[in-house]
Amino acid sequence: MNRKILAATAAAITGAGLVTAIALTPSASAGQQATAGDQAQTEMLAAMARDLKISPDQAKLRLASEQRAAVADNTLKKQLGTSYAGSWLDSTGTTLTVAVTDAAQAELVRAAGATPKTVARSSADLDAAKLRLDAKSTKAPKTVPGWYTDVITNSIVVLANAGGEAAAKSWAAESGVPSDVVRIEASAEKPRALIDIIGGNAYTFGSGRCSIGFPVEGGFVTAGHCGTTGTRTSNPSGTVAGSSFPGNDYAWVRADAGNTPRALVNRYPGTVPVAGSTEAAVNSSVCRSGSTTGWHCGTILQKNTSVTYPEGTITGLTRTNVCAEPGDSGGSWITGDQAQGVTSGGSGNCTSGGTIYFQPISEILSVYNLRLMVTGNPPSSTTTTPTTTPTSPTTSNPPGGTWAPYTYYGSGATASYGGSNYRVIQPHTSMPGWEPPNVPALWELA
């Protein structure tokens, strides 16, 4: 998406009710500079190339497009309000579609470089319908492994194992969801929480092992099924200060003194930095880090998914085509340098492939009032020397200003450019072409 479209997205899209396709292909020069030249980023791109079956250069271009998409989507979500009906990227990660429900503003959408198309139900409508299913989760048939809002088809999908389609349809009807909103989809998924009773890297609790999610001030977040409140952990040592499972699948561990949270994710080997937690769109690439299978990448399939494990139903998860195995539970999910969530569970393995779900990071931080450790945060405890440290992206300041590309700017941050001072509107990691005067969705004059 070029600068004109990005600016227009922030300033002109105030209407509602359309599916908006926004081209997000960056210029060649932006693609050549899409990532800093540090080794960790190179290895991350290599993993994306391997798992998405694209070249490293295509991975660079995709990440740049996805960052632009996240900015555009967050702006549209605020502007469209109750008419917003979800968003997704195409299979290449270069075109963002934002669904809305009011065709009256078609010309404004076209003026912003978008293609309008009306849809029937808003995100609020879909979420309300799914809540009816969530309320009846204890009565869901054993042959129903999960259900989710599918923004691409503007419907609620109920998954059904072989032979369970009729029972799934009947349960959905009894839940009060209109038949025209629900799609029954055949599925071979047999989801389970990814706990394995073996030793290994990451952290342990009793005789079990899980993976650290994201460091937060005072400790780290992980999966709720890894331990109840009060559970002691080792390597790093700490205590589960809050845990929710089933219903949700998240927890946070308050680390003992001497353990230092760092804004890093293991890539096995090496690390990648965490710069923020901007939520990625459906069909965005996403990479997962876990202590059993290491680093794997894929794409986000759906959001707001409900999954039924033997222990009960979990709601509000994100569904992906990334693989994972027991022991990866609680591990990090990240798009570029933006934290997305922690591993919950799913089906399959990293030999044959699978469908894996993660708990979005935003809810965990909000529920426990936690502060995500990002690049620029100081450590919050007495430190132990980490075995690996990230290399900082190479940056250079533009003439006459402090603004720089590949730099995280948090809420309230300021920078100068071209003789003027600017203040951040929306936290982000800067990219070439995102100079403050060119992106009013991100910066305002101070």
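Right above here is the structure, for reference.
Residues numbered from 1 in each chain as written. Predicted model: local features only at pLDDT ≥ 70, side-chain atom pairs only at ≥ 80, totals over all residues. Heavy atoms only, no water.

1. Considerations on the overall build of the protein
On a plain count of helices and strands, the protein comes out with eight helices and 28 strands. Residue burial in the protein is summarised as follows: out of 446 residues, 57% are buried. Within the protein, contacts between residues separated by at least 24 positions form 63% of all contacts whose residues are at least 6 apart in sequence. Carbon and sulfur atoms provide 52% of the accessible area of the protein, an area that totals close to 17500 Å². (Helix = DSSP H or I, 4+ residues; strand = E, 2+ residues; numbered from the N terminus. Buried < 20%, exposed > 50% of the residue type's maximum accessible area, 1.4 Å probe, protein only. Contact = heavy atoms within 4.5 Å. Areas by Shrake-Rupley, 256 points an atom, 1.4 Å probe, with all protein chains shown as cover.)

2. Observations concerning the environment of Thr 95
With respect to the helices and strands, the residue Thr 95 is situated in strand β3 (residues 95-100). Residues Thr 95 and Asn 283, 188 residues apart in the sequence, show an inter-C-alpha distance of 10.0 Å.

3. As for unusual backbone geometry
A cis geometry characterises the amide bond from Asn 235 onward to Pro 236, with omega recorded as 10°. Note on placement: Pro 236 falls in the loop between β13 (232-233) and β14 (238-244). Its identity as a non-glycine residue notwithstanding, Lys 53 has a phi of 60°, on the positive side. Along the chain, the position of Lys 53 falls in the loop between α3 (39-52) and α4 (56-80).

4. Re the pairing of strand β25 (residues 414-417)
With four bridges connecting them, β25 and strand β26 (residues 420-424) associate as antiparallel partners. If you follow Tyr 417 over to β26, its bridge partner there is Ser 420. In sequence, β25 turns back onto β26 through a hairpin of two residues, with Gly 418 there showing a positive phi of about 60°. (Pairing = 2+ DSSP bridges.)

5. Quick word on empty space enclosed by the protein
Taken as a whole and judged by the stated rule, the model has two cavities of 30 Å³ or more. Space inside the second largest cavity adds up to approximately 40 Å³. Forming the boundary of the second largest cavity are Tyr 203, Phe 205, Thr 222, Ala 223, Gly 224, Cys 226, Gly 227, Thr 231, Thr 233, Val 240, Ala 251 and Val 253. For the lining of the second largest cavity, the elements supplying multiple residues, two or more each, are β9 (203-205) and β15 (250-255). Classifying every residue of the lining of the second largest cavity by side-chain character gives seven nonpolar, five polar and no charged. (1 Å grid on protein atoms, 1.4 Å probe; cavity = no way out; pocket = protein on both sides within 12 Å on 5 of 7 lines; lining within 4 Å. Points joined across faces, edges and corners; volume = space filled by probe spheres on them. Nonpolar A, V, L, I, M, F, W, Y, C, P; charged D, E, K, R; others polar.)

6. As for the state of the cysteines
Tallied over the entire structure, the rule returns three disulfides. Across a sulfur-sulfur distance of 2.1 Å, Cys 287 and Cys 297 are joined as a disulfide pair. Disulfide Cys 287-Cys 297: torsion about the S-S bond near 100°, hence right-handed. Here Cys 287 is found in strand β18 (residues 285-290), whereas its partner Cys 297 is found in strand β19 (residues 294-309), with ten residues between them in sequence. (Disulfide = S-S within 2.5 Å.)

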